[in-house]
Amino acid sequence: MLVEDELATVQPDRDTGVAVGVFDGVHLGHKYLLGRLGETAAARGLLSVVVTFRQHPRSILSPPTKITYLTSLRERVRLLKELGIDHVATLSFTPELSHLRAHEFVDLLVRRLRMRHLVIGPDFALGRGREGDAHRLSATGEEVGFSVEVVQPLVSQGDVVSSTAIRVALLQGDMDKVSRLLGRPFALIGEVVRGDERGRTLGFPTANLVPDVEQAIPPDGVYAARAFVKGGSFVAVTNIGVRPTFGGGKRLLEVHLLDFQDGELYGNELRVEVLGRLRGEVRFTSVDELKAQMSRDVEQTRALLVP
């Protein structure tokens, strides 16, 4: 099976503690759970392993369901490794994998990853029909030789920290709440592509990104941001939307880097940390009216982000 081949790429050289999940966003709740994994693994002389899925299980189990991601797989793996996790195994969540019974999936973790400890949340379940809940996994562990630790959810200012809660806050444009639950600014990452250079003619040149169709993005509007490119950091004004003043079109992410004087950006990777919502996207009656508002957006962003 594909899952066996993917797990075989890890090959730990000693017994492990394991956590399994999508871990989209690698938010504060994930960090709390994985912190317990690291502590227990260190105390018991185990390696720490995170098993993450390339696809969200709901996208396979309920095909019409559209899942947007807070972080790309590459970014997710990077963030997990930054937490000090020894190994990250990425699995393809396929229909074949979804049909495995709980004991079959656990057997793979024990054989391929040398699992001796499993850390889960209270609502965690694996295996066909979510049969492998905390109670059943604990019973299985007693039989085959691994322990199960249930970590309660992290609560922040009355909010249970979860990827779902972060997506809801993101859809509302509440970037303060998004950052609080993530434990860091929300970021969009992509390659700078050539646009129609309309911003340059207006006096506000922009770096243009086309968001991935699976990437969760804030609602259309204008945002104060910080952009990272070519090894530098720049305060930026970011517009997400279809530019209704010019007749609309496909959704773009346009980033005006304040005080950038380092030439062209085409082909460079740009990381945009979206820090605060300034306003919604508006159709202006004239170009001059638009330019005046863009000047105000720049000044508001400077006031918010420049010490």
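These remarks concern the structure in this document. Counting from 1, residues in each chain are numbered in the order their sequence is written. For a predicted model such as this one, the threshold for reporting local features is a pLDDT of at least 70, and the threshold for listing and counting side-chain atom pairs is 80 or more; totals across whole chains, interfaces and linings nevertheless cover every residue. With hydrogens and water set aside, each side-chain value is computed from the structure's full complement of heavy atoms.

## Quick word on the overall build of the chain
Then, in step 1: The secondary structure content of the chain amounts to 11 helices and 13 strands.
Then, in step 2: Once the C-alpha set of the chain is aligned to its principal axes, its extents read approximately 75 × 40 × 40 Å.
Then, in step 3: In the chain, which comprises 307 residues, the share counted as buried stands at 49%.
Then, in step 4: Total accessible area on the chain stands at roughly 14,800 Å², and carbon and sulfur atoms take up 50% of it.
Then, in step 5: The positive charge centre, built from 38 side chains, and the negative charge centre, built from 39, are 2 Å apart in the chain. The helix count covers DSSP runs of H or I at least four residues long, the strand count covers runs of E at least two residues long, and both are numbered beginning at the N terminus. Summary of the burial criterion: residues with accessible area below 20% of their type's maximum are buried, those above 50% are exposed, and those between are partly exposed, where the area comes from a 1.4 Å probe applied to protein chains only. In this description, accessible areas are obtained by the Shrake-Rupley approach with a 1.4 Å probe, and a residue is regarded as covered only by the protein chains that are shown. Positive residues here are Lys and Arg, negative ones are Asp and Glu, while His and the chain termini are left out of the count. A charged residue contributes its charge at one atom only: NZ of Lys, CZ of Arg, CG of Asp or CD of Glu.

## Focus: the sheet that holds strand β12 (residues 252-257)
Then, in step 1: A pair of strands is treated as paired once DSSP finds two or more bridges between them. Spatial ordering of the open sheet is given by β8-β13-β10-β11-β12-β9, a layout of six strands whose pairing is antiparallel. Looking at strand neighbours, the two that pair on one side only are β8 (186-191) and β9 (207-209), the edges of this open sheet. Between one strand and the next, the sheet's axes are offset by a mean angle of 35 degrees, whatever the strand orientation.
Then, in step 2: Bridge count between β8 and strand β13 (residues 269-279): six bridges; the pairing is antiparallel. Within β13, the residue paired with E191 across the bridge is E269.
Then, in step 3: Along the sheet, helix α11 (residues 287-305) makes contact with β10 (221-229), β11 (232-241), β12 and β13, crossing β13 at roughly 100 degrees. For helices, the fitted line uses only the C-alpha atoms of the stretch in contact; every axis is such a line through C-alpha atoms, and the angle between N-to-C directions lies from 0 to 180 degrees. Every residue pair with non-hydrogen atoms within 4.5 Å of one another is taken to be in contact.

## What to know about the pattern of salt bridges
Then, in step 1: In the sections that follow, a salt bridge refers to a side-chain nitrogen of Lys or Arg positioned within 4 Å of a carboxyl oxygen of Asp or Glu. As enumerated under the stated definition, the model contains 21 salt bridges in all.
Then, in step 2: Among the ionic pairs, E39 bridges to R36, the shortest N-O distance being 2.5 Å. Residue E39 and its partner R36 are located together in helix α2 (residues 28-44), separated by three residues, close to a single helical turn.
Then, in step 3: Taken together, the shared-partner salt bridges connect E75, R78, E82, R271 and E273 into one network.

## Some words on the nonpolar core
Then, in step 1: The biggest cluster of nonpolar side chains holds 31 residues, and the ones touching the most others in it are V178, F186, V255, L257 and L270.
Then, in step 2: Mapped onto this core, the elements with two or more residues apiece are α8 (163-171), α9 (175-182), β8, β9, β10, β11, β12 and β13.
Then, in step 3: In this view, V178 contacts I166, A169, L170 and F186; residues no more than four positions away in its chain are not counted.
Then, in step 4: Residues A89, L109, L118 and I120 belong to the second largest nonpolar core, which totals 29 residues. Put simply, buried Ala, Val, Leu, Ile, Met, Phe, Trp, Tyr and Cys residues joined by side-chain atoms within 4.5 Å make one nonpolar core.

## Section: the sheet that holds strand β4 (residues 115-120)
Then, in step 1: The five strands lie next to each other as β3-β2-β1-β4-β5, forming an open sheet whose pairing is parallel. One side of each edge strand has no neighbouring strand; the edge strands of this open sheet are β3 (87-91) and β5 (147-150). Direction aside, neighbouring strands of the sheet carry axes that sit 25 degrees apart on average.

## Notes on unusual backbone geometry
Then, in step 1: In the Ramachandran plot, F23 falls in the positive-phi region, its phi being about 60 degrees despite a non-glycine side chain.
Then, in step 2: Mapping F23 onto the fold places it in the loop between β1 (16-21) and α2.
Then, in step 3: Exposure remark for F23: the relative accessible area of 7% places this residue in the buried category.
Then, in step 4: Of note, Q157 is a non-glycine position whose phi angle comes to about 50 degrees, a positive value.

## Describing the packing of α8 against α9
Packed helices, taken two at a time, are described by the angle between their axes plus the distance between the axes.
Then, in step 1: For the pair α8 and α9, the least separation of the axes is 8 Å and the interaxial angle reads 160 degrees. By the angle between their directions, the pair α8 and α9 is classed as roughly antiparallel. By crossing handedness, the relation of α8 to α9 is classed as left-handed. In this structure, α8 contributes A165, I166, A169 and L170 to the contact, and α9 contributes M175, K177, V178, L181 and L182.
Then, in step 2: Think of it as three bins: nonpolar holds Ala, Val, Leu, Ile, Met, Phe, Trp, Tyr, Cys and Pro, charged holds Asp, Glu, Lys and Arg, and polar takes everything else, Gly as well. When grouped by side-chain class, the residues that make up the contact of α8 with α9 number eight nonpolar, no polar and one charged. For this classification, under 35 degrees means roughly parallel, over 145 means roughly antiparallel, 65 to 115 means roughly perpendicular, and everything else is oblique. Handedness of each helix crossing follows the sense of rotation of the near helix against the far helix: counterclockwise by less than a right angle gives left-handed, clockwise gives right-handed.

In short, shape yes, function no, at least from these values alone.
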